[in-house]
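Below, each chain spelled out in residue letters.
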Amino acid sequence: MSATLAKGQNGPLASNDVVISIQLTAPADLSALLVTERGKVRTDADFVFFNQPSGPGVDLQPAPAGQSASLAVSLNAVPQDIDQIRAVITLDDPSSSFGQFAPPTAIVSDAAGNRLYEYQIGGLATESIVIALELYRRQGTWKVRAVGQGYAGGFAALVTDHGVSVEDSPQPAQQPAAQQPVAPPPVPPQPMAPPTQQAPQYAATGAYPPPTQGFPPPTQGYPPPPTQGYPPPQQAAPQPTGEVSLSKDRPVSLQKGQKVTLRKEGGTALTFVKMGLGWDPVQTRGMFGNRTVDIDLDASVIMFADMNPADYAYYGQLSSKDGSVRHQGDNLTGEGEGDDEVILVDLTRIPAHITTLIFIVTSYKGHTFEQVQNAFCRLVDGANNAELARYTLAGGMRFTAMAMAKVYRSGGDWKMQALGEGFQAKHPGEAIPQLGRFLSAN
């Protein structure tokens, strides 16, 4: 029996040979982009499509007339420097859009044809191209993630942004015209519990190209429009001003309020970093043994232009609209060692008007941090996966949300500050109006 994924959810792949297929009512092409940690192909050979049906570990298999081709993936044959395989659906008719048809479904099966996962891609409107799902590495194993990210720039722009040399590669006979950004649909309810997952560990993923979802965001509380600025609070939260330096020998342990400049020893500025966030639910003793509280925490990052919220990434929108910030997807339990959720930040791509990124954790079901232990955030160098700094949160606070850290501009540098401040919010839409107090102290 297959497991159903919702957008942002992931699950383990126990089989080394899998097949990705699609079901939809409109003629469409299926292709694959094999990308490195940076989200780029190594060469044009890493782009698998109907005019180049074979790549390293991936083969496009033809289908009977009237059906879409499928992607056969031999995970053991995928080169080690390939971190993700992105499955892309492109409608044949450039004048049509997914909104005109029933939502497409992406299916992952094993080599024997047994369905492992299904993902119905809802919420599409004027898009004619969508990154349906991705297979990605995590701590030596492979997993699948439901992506469902429409793309605004047309087929040529999609592959070019992934590093493919369009002029050297055969093009589809018909290419969809560039789509204009549209207002996103209302935010769906919290995704259903995912299938049984391996202990969530660190995964390296490159940023996606800019999504089709426009800004302002949905009108149902996720989050308020960027034109709504927040005036500086009358009284900012008192925070220490001590600053420490990164060390090449060991991670820096930050205290609440401490800052660190994002430069390595020797003065080299960091350009690609990862913010890993983790936590464990508290176990309670009962008549029938220990019981783990069913806590659903979500990590998000809110991007501010001075005092104004401008963009964000969270479980409902995994990429900022400029592609500089990429959320790895929602982990619904927090159980297991390592990072529970990871947010990737390409500092070189953040727009000049963005001044602050605030990393928060919210409790969707309303549990407080009294029921959470071992909560932390850590900064990792994206170039070599070395941990640079870590902040561990003191437990026992009666809040449903926590501002963990912020990354902000200071002159020509980026700095990180440990925050560790609690407040009441179940999702980013409720959190944003309360974040102004962390902006005035930059």
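All chains use their own residue numbering, which begins from 1 and follows the written sequence. The predicted origin of the model limits local features to residues at a pLDDT of at least 70 and limits the giving and counting of side-chain atom pairs to 80 or more, whereas totals for whole chains, interfaces and linings rest on all residues. The basis for the side-chain values is all heavy atoms of the structure; hydrogens and waters are excluded.

Caption draft 1: The arrangement of the pairing of strand β23 (residues 341-346) in detail. Among the six residues that make up β23, six are buried, leaving the element largely enclosed by the rest of the structure. Of the two faces of β23, the one carrying Glu341, Ile343 and Val345 and the one carrying Val342, Leu344 and Asp346 are both buried. The sheet contact formed by strand β17 (residues 272-281) and β23 spans six bridges and is antiparallel. Bridge pairing in β23 links Gly276 to Val342. Strands qualify as paired when DSSP identifies two bridges or more between them. Note on conventions: DSSP H or I runs of at least 4 residues are helices, E runs of at least 2 residues are strands, and numbering of each starts at the N terminus. Judged from the three bridges that link them, strand β22 (residues 325-327) and β23 form a sheet pairing that is antiparallel. For Val325, the partnering residue across the bridge sits in β23 and is Val345. Only protein chains enter the accessibility calculation, which uses a 1.4 Å probe; a residue whose area is less than 20% of its type maximum is buried, one above 50% is exposed, and one in between is partly exposed.

Caption draft 2: Quick look at the packing of aromatic side chains. In this scheme Phe, Tyr and Trp rings, the latter by its six-membered ring, pair at centre separations within 6.5 Å, and the angle between planes marks the pair as stacked below 30 degrees, edge-to-face above 60, and tilted otherwise. Going through the model one piece at a time under the given rule, you end up with four aromatic pairs. Ring geometry for Phe49 against Phe50: centres 5.6 Å apart, planes inclined by 70 degrees, an arrangement best described as edge-to-face. When its relative accessible area of 36% is taken as the criterion, Phe50 is described as partly exposed. Taken together, the ring pairs in this structure connect Phe47, Phe49 and Phe50 into an aromatic cluster. When the ring centre of Phe376 is taken as reference, the NZ or CZ atom of Arg390 above it lies at 4.5 Å. By definition here, charges over rings are those cases where NZ of Lys or CZ of Arg is within 6 Å of the ring centre and within 35 degrees of the ring normal.

Caption draft 3: Local environment of the sheet that holds strand β3 (residues 17-23). Read from one edge of the open sheet, seven strands run β1-β11-β10-β3-β8-β7-β6, paired in mixed fashion. Edge strands, defined here as strands with exactly one partner in the open sheet, are β1 (3-4) and β6 (54-55). As paired elements, β3 and strand β8 (residues 70-74) share four bridges and run antiparallel to each other. Of the residues in β8, the one forming a bridge with Val19 is Ala72.

Caption draft 4: A look at the environment of Trp142. Inspection of the secondary structure assignment puts Trp142 in strand β13 (residues 141-150). Take Trp142: its relative accessible area is 8%, and that puts it in the buried class. Distance in space between the C-alpha atoms of Trp142 and Ala14 is 8.0 Å, their sequence separation being 128 residues. Here, two residues are considered to be in contact whenever any of their heavy atoms come within 4.5 Å of each other. Setting aside residues up to four positions removed in sequence, Trp142 forms contacts with Pro12, Leu13, Leu75, Val78, Ile82, Asp83, Ile85, Leu135, Tyr136 and Arg137.

Caption draft 5: Examining the nonpolar core more closely. With 44 residues, the main nonpolar core has Leu262, Met275, Leu277, Val345, Leu357 and Met416 as its most contacted residues. By residue number, the principal contributor to this core is strand β20 (residues 297-305), which donates five residues. Other than its neighbours up to four places away in sequence, Met275 contacts Glu341, Val342, Ile343, Phe359, Cys377, Arg378, Leu379, Ala405, Val407 and Met416. Definition used in this section: a nonpolar core is a set of buried Ala, Val, Leu, Ile, Met, Phe, Trp, Tyr and Cys residues joined via side-chain atoms within 4.5 Å. In terms of nonpolar packing, the next biggest core, distinct from the first, is built from 38 residues, Leu5, Val58, Leu91 and Val108 among them.

Caption draft 6: Here's a closer look at the pattern of salt bridges. Just to be clear on terms, a salt bridge is a Lys or Arg side-chain nitrogen sitting within 4 Å of an Asp or Glu carboxyl oxygen. Scanning all chains against the criterion turns up 17 salt bridges. Close ionic contact of Glu134 with Arg86 constitutes a salt bridge, the shortest N to O distance being 3.6 Å. In this pair, Glu134 sits in strand β12 (residues 129-138) while Arg86 sits in strand β9 (residues 84-91), placing the two residues 48 residues apart along the sequence. Note on accessibility: Glu134 and Arg86 belong to one class, buried. Between Asp339 and Arg378 there is a salt bridge, with the nearest N and O atoms lying 2.9 Å from each other. With Asp339 in the loop between β22 and β23 and Arg378 in strand β25 (residues 372-381), the pair connects residues that are 39 residues apart, well separated along the chain. The network of salt bridges with shared partners includes Arg86, Glu134, Arg145 and Arg326.

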